[in-house]
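If you want the building blocks of each chain, they are given just below.
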Amino acid sequence: MNFDFSDEQKQMRDEARKFLAEKCPSKAVREVLDGKAPYDKALWQGLAEMGFLGVAIPEEFGGAGAGHLELCVIAEEMGRANAPVPFSSTVYLAAEALLLAGSDAQKQKWLPKIASGEAIGTLALFEGKGNPSPKAIKLQASGGTLSGVKKPVPDGAIADFAVVAARTGSTGRDSDISLFLVDLKAGGVEAKSLTNVDPTRGQAELTFENAKAEPLGAAGDGWSILTQVLDRAAVLLAFEQVGGSDRALEMGRDYALDRIAFGRPIGSFQAVKHILADMYVSATLARSNCYYGAWALSTNASELPEAAAAARISATQAFQHCSKNNIQVHGGMGFTWEFDCHMYYRRANTTALTLGSLSYWEDQLIDRMRKKNAA
Amino acid sequence: MNFDDTPQEAAFRTEAKAWISANAPKQYEEELRKSSLGRTVLKGANILEVAKAWQKKKADAGWACLHWPKEYGGRGSSPIERVIWQQEEGPFGKLSGMFIIGHGMCGPTMMAFAGEEQKRKYLPPLASGEKVWCQLFSEPAGGSDVAGLRTRAEKRGDDWIINGQKIWTSGAHYSDYGILLTRTDPNVAKHKGLTMFFLDMKSPGVEVRPIKQASGQSDFNEVYFTDVKIPDSQRLGAVNDGWNVSLTTLMNERMSIGAGVSTGFPELFEFCNSLMLDDGPAIEDRNVRSKLANYAVKASGLRYTSMRAISALSKGERPGPENSIGKLVAGSMVQEVAMYALDLQGAAGVLSGPEDAEVAGKFQAMLLRAPGTRVEGGTDEIMRNIIAERVLGLPGDIRVDKDVPFNKIPTKGRA
């Protein structure tokens, strides 16, 4: 049994950590937080040059042709650094959808641009409140054009193209849904930035008015492709969440070692120690669930749907738990704008929702476990 | 990343599987598979006898205490082979419960500190289950604070005379031998005046009194010592170095991985899959699904955490600290799971008799046994301290009694 990343993969993680420590310090994240830029363009270019944007994209499409395990270790570091770039929407959602369902021409058109940092992509799925569901998709496709409104769309205001879920039938079945590729710069789409809980990652409303669209995958396959894309993204995002959890735990631990109150480091009080121990527990459970997700993703195992849901739930819980208790350990200082604690708290609570809420994934997990049980 | 055995591991697994299949007491397999925390019973058989017979059979064929050296009754196996054995032994592994303390703690301590002749005499029958050992550490005045123990050992000629009382001693009522931590010098700080021995539990002056637990069962005991004589040759480690000896015992325990702590989740999932609520199957109820999902990811998180440790063993590395979360997570989870399973039964959840209760009262038994899991072998609070101090590197608690002679430490709170 070798249920661990290889030495080469760990080396890549170290490389990514070093790179991000240098290029993505808290100061850089704050530029975006304070609204001075919609995302960190220099970091985005740097990630492209390092080969991180295309790490799981095959070489024939301009990527590094490594694999999903390599992408997992980079995702973890992106989460740890709280990177203010459209990595998850471009790499986990748009690129994965293209890899799963794109024609050769579509892959040739977009994947090399993703790898080189020239194109930002996203997935336009949601239409207001609610969780992923074919019923919730109203945006209409007809005659090669799309009309309707999508929100929230992660990074929608800075994206060059979007994978859009649209309605192509009205039978009440999953096959009513098809996917389309839309060049957002080609006209017919209006993007509006929306204020959101985590300003370091943009959210937008996209209004489509007879926007030109080309099918992605076969007509009527949209929901089945989407489900697979969401599972893959769930594992990858879970690694970001684990990276964020670990960072929040370290911040809390470091503060508890340095901060003196009542004449001793606050980390010597059991009340504080136990908070930190529980953070370690949740982060460890999440990491282990994520490793299983990584294995299932990288081998395209039949266990992926269950593994992805478990990783998603566990990592969401861990990041929320660690980021909120990091603030608690910091006391009043943790509640200031000046300290970085709130940036992880914001990120934890937005990543908890971007692929559908915790309760949605809980439901998914039980469905999938039942299916396995029945099989 | 893969779950495959190396060729050597696969060969070992095949051999273990074949032997277990040909030799295990299959007539008990179903009952053992169904048994859960608080309920391991074999109808019409004495489980201690079944357990001892299985252990002896394993020992005779060289499958007992796999990681021990051959000359002491083991097989000289690698840590990963021990894990593979446990995986293959499956439900029959539940029969090892009465040997866990002897094999996991007493044996390794004897191996590290007893003389060669003693090791050859005592270890093989311990490995084969013919002799059962217990660990006499905790006392009424020293549970979490075990170094606060008060049982005295006084040197008289070549012997030591023991007086005092131990408590929470698992299996003392069926044990043949025990390792015993005593106080030999009360005039120095508490950790510096302890000495370890091993003794025959049939020695004159040893009295074992089973404790009736809150669950109604009796797994633990009080053990009283009245002028019990132990020869100096049965001392383990130097006089007054007992604290360090006991740390060796405890460290050994941390290396044992894969035994698996019960979370109650598989039982709950199975229960919910068949249970009908007023408005339909429980498994289709939103609240039930949410609860189940939360327990599921804890259970899978523990399972994969243990696989990470096994992977380290497989590579010949020492497992990281992540395995320290197992007991803490599983202990409180099994209690919550039991409470939730009763809640799902509504008013009938109060019934615990095997005939009337749902699934033969499995969850009621689990509920009543569960508080013990959060206390035994280190309370939840001690486990959190261990994680905080040894894993996260936080400072130790301020210990007001650390440099005080033991006999000057206050013994009462409010007068």
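**Remarks on the overall build of chain A**
Okay, step 1: Summing up its helical and strand segments, chain A has 11 helices and 10 strands in all.
Okay, step 2: Scaling as 2.2 N^0.38, a compact globule of 375 residues should have a C-alpha radius of gyration of about 21 Å, and chain A matches this with 20 Å.
Okay, step 3: Principal axes of the C-alpha set define a box for chain A whose edges measure 75 × 50 × 40 Å.
Okay, step 4: Sorting the 375 residues of chain A into buried and exposed places 56% on the buried side.
Okay, step 5: Contacts spanning at least 24 positions in sequence make up 75% of the contacts within chain A whose residues lie at least 6 apart.

**So, the overall build of chain B**
Okay, step 1: When helices and strands are tallied, chain B shows 12 helices and 10 strands.
Okay, step 2: Its C-alpha radius of gyration of 23 Å places chain B within 12% of the 22 Å reference for a compact globule of 415 residues.
Okay, step 3: For chain B, the spread of C-alpha atoms along the three principal axes comes to 75 × 60 × 45 Å.
Okay, step 4: Looking at chain B as a whole, 43% of its 415 residues qualify as buried.

**Overview of helix α10 (residues 326-344) of chain B**
Okay, step 1: Given a rise of 1.5 Å per residue, 19 residues ought to cover 27 Å, and the 26 Å separating the end C-alpha atoms of α10 of chain B matches this to within 8%.
Okay, step 2: The first or second residue beyond α10 of chain B is Gly346 of chain B, which carries a positive phi of 65°.

**Remarks on the interface of chain B and chain A**
Okay, step 1: At the junction of the two partners, chain B supplies 37 residues and chain A supplies 41 residues.
Okay, step 2: Among the secondary structure elements, those contributing two or more residues to the side of chain B that touches chain A are α9 (286-314), α10 and α12 (380-391) of chain B.
Okay, step 3: Residue classes in the side of chain B that touches chain A are distributed as 20 nonpolar, nine polar and eight charged.

**Looking at unusual backbone geometry**
Okay, step 1: Residue Lys151 of chain A is joined to Pro152 of chain A through a cis peptide bond whose omega torsion reads -5°.
Okay, step 2: For Asn82 of chain A, which is not glycine, the phi torsion reads 55° and is therefore positive.
Okay, step 3: Within the element layout of this structure, Asn82 of chain A appears in the loop between α4 (68-81) and α5 (87-101).
Okay, step 4: Positive phi, normally seen in glycine, also occurs at Asn240 of chain B, with a value near 70°.

**Topic: the confidence of the model for chain B**
Detail in the predicted coordinates should be disregarded across regions flagged by low pLDDT.
Okay, step 1: Averaged over every residue, the pLDDT of chain B is 92; residues scoring 70 or more account for 97%.
Okay, step 2: Scored as a whole, the predicted complex attains pTM 0.94, and scored at its interfaces, ipTM 0.96.

**As for the packing of α4 of chain A against helix α8 (residues 270-299) of chain A**
Residues and elements named next belong to chain A.
Okay, step 1: Where α4 meets α8, the closest approach of the two axes is 8 Å, and the angle between their N-to-C directions is 145°. Contact residues: α4 offers His68, Leu69 and Cys72, while α8 offers Ala294, Leu297 and Ser298.
Okay, step 2: Broken down by class, the residue content of the contact of α4 with α8 amounts to four nonpolar, two polar and no charged.

**Observations concerning the nonpolar core**
Okay, step 1: Judged by nonpolar contacts, the single largest core of 235 residues is most densely connected at Ala97, Ala162, Val163, Val164, Val182 and Leu276 of chain A.
Okay, step 2: It is helix α7 (residues 222-258) of chain A that contributes the most residues to this core, 18 residues altogether.

**Some thoughts on helix α2 (residues 26-33) of chain A**
Residues and elements named next belong to chain A.
Okay, step 1: Where α2 is concerned, the buried positions are Ala28, Val29 and Val32. Within α2, the buried residues cover an arc of 100° as seen down the axis, which keeps them to one side. The exposed set on the far side of α2, more than 90 degrees from its buried face, consists of Ser26 and Lys27.
Okay, step 2: Buried residues along α2 sit in contact with α3 (41-49) and α10 (341-351).
Okay, step 3: Looking one or two places after α2, you find Gly35, whose phi comes out positive at around 80°.

**Brief notes about the environment of Gly244 of chain A**
Okay, step 1: Relative to the helices and strands, Gly244 of chain A resides in helix α7.
Okay, step 2: In contact with Gly244 of chain A, not counting residues within four places along its chain, are Gly79, Arg80, Asn82, Phe319, Ser323, Tyr344, Arg347 and Ala348 of chain A.

**Description of the packing of helix α8 (residues 265-274) of chain B against α9 of chain B**
Residue and element names in this part refer to chain B.
Okay, step 1: Close contact between α8 and α9 brings their axes to 10 Å; oriented N to C, the two are set at 155°. What the angle tells us is that α8 and α9 run roughly antiparallel. Once α8 is placed against α9, the crossing between them reads as left-handed. Residues Phe265, Leu268, Phe269 and Cys272 of α8 lie in contact with α9, whose contacting residues are Val288, Leu292, Tyr295, Ala296 and Ala299.
Okay, step 2: Among the residues making up the contact of α8 with α9, the classes are represented as nine nonpolar, no polar and no charged.

**Brief notes about the environment of Asn244 of chain B**
Okay, step 1: With respect to the helices, strands and loops of the structure, Asn244 of chain B is situated in helix α7 (residues 242-255).
Okay, step 2: Put simply, Asn244 of chain B and Met339 of chain B are 95 residues apart on the chain and 40 Å apart in space, counted from C-alpha to C-alpha.

**Some remarks on the environment of Gly143 of chain A**
Residue and element names in this part refer to chain A.
Okay, step 1: Relative to the elements of secondary structure, Gly143 occurs in the loop between β2 (140-142) and β3 (145-154).
Okay, step 2: For Gly143, a count of 6 C-beta atoms within 10 Å corresponds to the exposed category.
Okay, step 3: For the pair formed by Gly143 and Glu214, sequence separation is 71 residues and the distance between their alpha carbons is 9.9 Å.

Rules and cut-offs
- Residues numbered from 1 in each chain as written.
- Chains lettered and ligands numbered in written order.
- Predicted model: local features only at pLDDT ≥ 70, side-chain atom pairs only at ≥ 80, totals over all residues.
- Helix = DSSP H or I, 4+ residues; strand = E, 2+ residues; numbered from the N terminus.
- Rg over C-alpha atoms; globule rule 2.2 N^0.38 Å.
- Buried ≥ 20, exposed ≤ 12 C-beta atoms within 10 Å, placed from the backbone.
- Contact = placed C-beta atoms within 7 Å.
- Expected span 1.5 Å × (residues − 1).
- Nonpolar A, V, L, I, M, F, W, Y, C, P; charged D, E, K, R; others polar.
- pLDDT = per-residue confidence, 0-100.
- Axes fitted to C-alpha atoms, helices over the stretch in contact; angles between N-to-C directions.
- Core = buried A, V, L, I, M, F, W, Y, C linked by C-beta atoms within 7 Å.
- Arc of directions from axis to C-beta.
- Parallel < 35°, antiparallel > 145°, perpendicular 65-115°, else oblique.
- Left-handed = near helix turned anticlockwise from the far one by under 90°.

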